[in-house]
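Okay, here's what each chain looks like letter by letter:
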Amino acid sequence: GIFTERDLLTKIDFNGLSDLSAKKLSDFMTSQLIIIADTTPYENVIEVMQKHNVRHMPIVRDGVIIGIVSLRDLMRLHGENLEEQLKEKEQQLLKSFQKTRESEDRFRSILYHSADAIIFANSEAKIVVWNPLFEELTGSAAGEILNKPAQTFFPSDEWEKVSPEKVERLGGVEHVEVKISHKSGELIDVDFSVSLIHDGDGGLLGYVGILHDIRERKMVEKEVAESRIQLELMNKDLELNAKIFKQLAIDKESAY
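Before going into details, it helps to say that this report is about the structure given with it. (Residues numbered from 1 in each chain as written. Predicted model: local features only at pLDDT ≥ 70, side-chain atom pairs only at ≥ 80, totals over all residues. Heavy atoms only, no water.)

### Some thoughts on the sheet that holds strand S5 (residues 173-181)
- If you walk across this open sheet you meet the 5 strands as S4-S3-S7-S6-S5, and the pairing is antiparallel. Of all the strands in the sheet, just strand S4 (127-130) and S5 have a single pairing partner and so form its edges. Strand after strand, the sheet turns through a mean of 30° between neighbouring axes, direction not considered.
- One ladder, built from 6 bridges, connects strand S3 (residues 117-122) with strand S7 (residues 204-213); its direction is antiparallel. By the bridge assignment for S7, Asn122 is matched with Gly206. (Pairing = 2+ DSSP bridges. Helix = DSSP H or I, 4+ residues; strand = E, 2+ residues; numbered from the N terminus. Axes fitted to C-alpha atoms, helices over the stretch in contact; angles between N-to-C directions.)

Right under this line is the structure:
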């Protein structure tokens, strides 16, 4: 609790402070303004006392006053510990900053040296981070990508395969073949995987998508399929020719 100046001046005998331990809080306090826990930091206590223009404060245990502390005492104690606390916080911030920089450097290295296009979208599925390969796949400049809905870069029927609703329902999707739209109008085949990003409380922060260009693979697959068709046609021609030659041989033999 906090004493008012009036309480201190009219109800406490400063010549008999040793008797305070026998007194109850209600014996001194006109009205209880606020309670400060014993774990509250010095600076917070000082801030509260300054706010209410309070210069002295009782220390109470189980409703019994066991002492009085002044604002000046708190400020002196706080001042003695402040430099040490600031140094400790400075070291903590420095370590945290270094770890953050290391994490950012690793993230940036992975992002910009990846063999695949990578995008990060927020909880509204708007793109906030991407790498240069995504710009190449879409033919778009940075200003045409930032905060744009990811859906912008997919034909509507292709977007349904990887929509946020589907991704959230499945907990992510892996290796889905979809087409994305290049600025030129070309549709590009990609292998698309999407994962969910959550905060510490399980709330959705956004999505990370990895797009692997499979145009070359699709071209090879097409060539293989066309070659297979040609081989099948050649086999049919060979079988037909064999039948014709066989029939010709029979007819020749019959003629003799």
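### What about the pairing of strand S6 (residues 187-198)?
- Here 7 bridges tie S5 to S6, and the two strands are oriented antiparallel to one another. The partner of Ser181 across the bridge, within S6, is Leu187.
- Hairpin geometry of S5 and S6 is characterised by an intervening segment of 5 residues between the two adjacent antiparallel strands and by a positive phi of about 105° at Gly185.
- Where S6 and S7 come together, 9 bridges link them in antiparallel fashion. Its bridge partner lying in S7, Ser195 is registered against Val208.
- Where S6 hands over to S7, the hairpin turn is made up of 5 residues, of which Gly202 adopts a positive phi near 90°.

### Points about empty space enclosed by the protein
- Within the structure shown, the criterion is met by 1 cavity of 30 Å³ or more.
- The space that makes up the largest cavity amounts to roughly 140 Å³.
- Considering the residues around the largest cavity, the lining is formed by 15 residues, among which Ala150, Trp159, Phe192, Val194 and Tyr207 are closest to the centre.
- Elements with a minimum of two residues in the lining of the largest cavity: S3, helix H6 (164-170), S6 and S7.
- Residue composition of the lining of the largest cavity, by class: 13 nonpolar, 2 polar and no charged. (1 Å grid on protein atoms, 1.4 Å probe; cavity = no way out; pocket = protein on both sides within 12 Å on 5 of 7 lines; lining within 4 Å. Points joined across faces, edges and corners; volume = space filled by probe spheres on them. Nonpolar A, V, L, I, M, F, W, Y, C, P; charged D, E, K, R; others polar.)

### Brief notes about the pairing of strand S2 (residues 64-70)
- Burial runs high along S2: 5 of the 7 residues are buried.
- With 6 bridges connecting them, strand S1 (residues 56-61) and S2 associate as antiparallel partners. Counterpart to His56 in the pairing with S2 is Ser70. (Buried < 20%, exposed > 50% of the residue type's maximum accessible area, 1.4 Å probe, protein only.)

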